[in-house]
Amino acid sequence: MTLPDRVSIREVGPRDGLQNEDVVPTEAKVRLLDSLSGTGVKRIEAVSFVHPKAIPQMADASEVWAAAVKAVGVRYSALVPNSKGAERALAAGFTEIEVVVSASNTHNLRNVNRSTDESLDDIAGLIDLLHGAGATAEVIISTSFGCPYEGNVDPERVHAIVDRVLADGADRISFGDTTGMATPRRVVEVVDPVLQRHADTPVLLHFHNTRGTALANILMALQLGVTEFDAAIGGLGGCPYAPGATGNVATEEVVHMLEDMGIDTGIDLAALIESAKLAQEIVGRELPSGVLKAGPRI
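Everything numeric here is computed off the predicted structure, so don't read it as measured data.

## Things to note about helix 10 (residues 251-260)
Among the ten residues that make up helix 10, eight are buried, leaving the element largely enclosed by the rest of the structure. Buried within helix 10 we find Thr251, Glu252, Glu253, Val254, Val255, His256, Met257 and Leu258. Of the surrounding elements, those touching the buried residues of helix 10 are strand 1 (8-11), helix 9 (214-224), strand 8 (228-231), helix 11 (269-283) and helix 12 (290-294). Gly262 sits one or two positions beyond helix 10 and adopts a positive phi of about 80°.

Next comes the structure, spelled out in structure tokens:
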């Protein structure tokens, strides 16, 4: 089994993690973001620019970003649902922007109140907008491995969306396991054809641990050659429009496993655990991370 020497982890706790909690004060969000910036993680999804009525937890995105320390060597990104959100992200100074579309039409309607095809049409214009402003466009395909409303999602539907957004100029692709329905088998079915067909396109995987398969899915993806993953501090996260969705795979659990396998992440595990303790304090509940509870194996 050939595995990569190094893996890049994008920390998504400040955005994907906190959007599913009760509203957290702005200063606490900034403290968490700054703490994570000091762990050695090189990529952080900082905020999202969405309508405050849709996701009130992200209503202070501009204030959080303005107050946060921008650590040297860390790439910060923002998520947007549409062109209006992209304009706000650009105005705030972001140059790495993610836009989301669901492979499941029902989930897309619940998430952004439009069909998948309507979102894809908007994304085509959004990509041009971002490129015109000197920013990159990453397209996140949610419910890539299954939908809480529709059940199984045909991998060919996911592949068609990939082909469409790459033809429209997307710089990067991310596959979202929105409700933790992925298994190693389904990782192969969805991801491997894309890696074969679009070998030069950066691919990132985003797993939730709803059914306990996230680390197994990461191991399978590593075997396929994927080297970029999302994770959330402490196992924060979920999806407001996906019933039963629990948190993302915990960043410290991923780092703990990879480093024991001899795969470098560049992240200080001890510092990461301290950030997880802070996250737990901020949200005021016990987080699901096993490494946070038990510590590293040695």
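## Re the layout of surface pockets
In this structure, the largest pocket spans a volume of roughly 670 Å³. If you trace the largest pocket, you find 36 residues lining it, with Val50, Pro81, Val100, Asn111 and Val112 closest to the centre. Tallying contributions element by element places helix 5 (residues 105-112) first for the lining of the largest pocket, with four residues. Looking at the lining of the largest pocket residue by residue, the classes come out as 14 nonpolar, 14 polar and eight charged.

## What about the nonpolar core?
Grouped together as the largest cluster of nonpolar side chains are 90 residues, with contacts concentrated most on Phe94, Ile141, Phe175 and Leu205. The contacts of Phe175, once residues within four sequence positions are left out, are Ile141, Ser144, Phe145, Val158, Val162, Val190, Val191, Val194, Val203, Leu204, Leu205 and His206.

## Remarks on the packing of aromatic side chains
Under the counting rule described, the total for this entry stands at four aromatic pairs. Pairwise contacts between aromatic rings join Phe49, Trp65, Tyr76 and Phe94 into one cluster. When the ring centre of Trp65 is taken as origin, the NZ or CZ atom of Lys70, which lies over that ring, is 4.5 Å away. A cation over a ring is seen here: Arg110 above Tyr149, with NZ or CZ 4.4 Å from the ring centre.

Calculation notes
Residues numbered from 1 in each chain as written. Predicted model: local features only at pLDDT ≥ 70, side-chain atom pairs only at ≥ 80, totals over all residues. Heavy atoms only, no water. Buried < 20%, exposed > 50% of the residue type's maximum accessible area, 1.4 Å probe, protein only. Helix = DSSP H or I, 4+ residues; strand = E, 2+ residues; numbered from the N terminus. Contact = heavy atoms within 4.5 Å. 1 Å grid on protein atoms, 1.4 Å probe; cavity = no way out; pocket = protein on both sides within 12 Å on 5 of 7 lines; lining within 4 Å. Points joined across faces, edges and corners; volume = space filled by probe spheres on them. Nonpolar A, V, L, I, M, F, W, Y, C, P; charged D, E, K, R; others polar. Core = buried A, V, L, I, M, F, W, Y, C linked by side-chain atoms within 4.5 Å. Phe/Tyr/Trp six-rings, centres within 6.5 Å; stacked < 30°, edge-to-face > 60°. Lys NZ or Arg CZ within 6 Å of the ring centre and 35° of its normal.

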